[in-house]
Amino acid sequence: RPGAAHVALVVDEQDPAAQVHERGRLLGRVDLFAGLSDEARREIAGAIRSRTFGDGESIVRQGEPGESMFIIASGRAVVALEPDRREVATIEGGGYFGEMSLLTGEPRTATVIARGDTVVLEIGADLFRHLGMTSPQAIEQVGVAAAARRIELEKVRAAGTGAAVADAPASFLSRMRRFLRLT
């Protein structure tokens, strides 16, 4: 489609090996996972599931519980802050969201809405717990990146309300380790 993001996940749904290979390639292009070993990316790729959302459909809603994150395989989505659904970011194919809830179990900090048909790959907390036990440095890398993104989102939110900014990265990483039961 003209104008659509083209980090598309093109896979023969009948061939699970090809599907895992393509998902692993996509994970390698996502900064959170690029530093992982090929084996770790293959493990994640084999355990994630694909979901499709139509234009305007909410993928996650601010304030709802969440223990997963999403990578956009194709399409795009917007990040909106409630209650007025103020759009603060657009996530293109290959981008990700939901990592804060995945890592801490805290409620979603924003609503994410599909723009056009959007396919996402969902990664659950149980997979991250397993990865944390086999590859603690990978979880640390993901946690540091998530803490930095959280601070940026809180700055946007605080600019509109005059509120304080989120926890320091060390505090965030501590909460993440507790939630994933890695301490």
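First things first, this report covers the structure right here in the doc. Not measured: the values here are computed from a predicted model.

Cut-offs applied
Residues numbered from 1 in each chain as written. Predicted model: local features only at pLDDT ≥ 70, side-chain atom pairs only at ≥ 80, totals over all residues. Heavy atoms only, no water. Salt bridge = Lys/Arg side-chain N within 4 Å of Asp/Glu carboxyl O. Helix = DSSP H or I, 4+ residues; strand = E, 2+ residues; numbered from the N terminus. Buried < 20%, exposed > 50% of the residue type's maximum accessible area, 1.4 Å probe, protein only. Phe/Tyr/Trp six-rings, centres within 6.5 Å; stacked < 30°, edge-to-face > 60°. Contact = heavy atoms within 4.5 Å. 1 Å grid on protein atoms, 1.4 Å probe; cavity = no way out; pocket = protein on both sides within 12 Å on 5 of 7 lines; lining within 4 Å. Points joined across faces, edges and corners; volume = space filled by probe spheres on them. Nonpolar A, V, L, I, M, F, W, Y, C, P; charged D, E, K, R; others polar.

Regarding the pattern of salt bridges
Throughout the structure, instances matching the rule amount to 7 salt bridges. Arginine 41 is the salt-bridge partner of aspartate 38, the closest N and O atoms lying 2.5 Å from each other. One end of the pair, aspartate 38, and the other, arginine 41, are both in helix 3 (residues 38-47), 3 residues apart, so they sit about a helical turn from each other. According to the relative accessible area criterion, arginine 41 is buried, its value standing at 12%. A salt bridge links glutamate 87 to arginine 115, with the shortest nitrogen-to-oxygen separation between them at 2.7 Å. On the criterion of sequence distance, the pair formed by glutamate 87 in strand 4 (residues 86-91) and arginine 115 in strand 6 (residues 111-124) is long-range, its members being 28 residues apart.

Quick look at the packing of aromatic side chains
Throughout the structure, instances matching the rule amount to 2 aromatic pairs. Aromatic pair phenylalanine 33 and phenylalanine 128: ring centres 6.2 Å apart, planes at 65°, arrangement edge-to-face. Placement of the pair is phenylalanine 33 in helix 2 (residues 31-34) and phenylalanine 128 in helix 5 (residues 125-134), with a sequence separation of 95 residues. One exposure class covers both phenylalanine 33 and phenylalanine 128, and it is buried.

A word on the environment of glutamate 99
As for its position among the elements, glutamate 99 is in helix 4 (residues 99-104). Residues glutamate 99 and alanine 145 lie 46 residues apart in sequence; the distance between their C-alpha atoms is 9.3 Å. Those residues in contact with glutamate 99, other than ones at most four positions away along the chain, are Leu32, Met69, Ala146 and Arg149.

Describing the layout of surface pockets
One number sums up the size of the largest pocket: a volume of about 370 Å³. Contributing to the lining of the largest pocket are 21 residues, with Val79, Phe97, Met100, Arg149 and Leu153 lying nearest its centre. Contributing elements (two or more residues each) for the lining of the largest pocket: strand 4, strand 5 (96-97), helix 4 and helix 6 (136-161). For the lining of the largest pocket, the leading source of residues is helix 6, giving 4 residues. Class assignment for the residues of the lining of the largest pocket results in 13 nonpolar, 4 polar and 4 charged.

So far we have only geometry, and geometry alone does not tell us how the molecule works.
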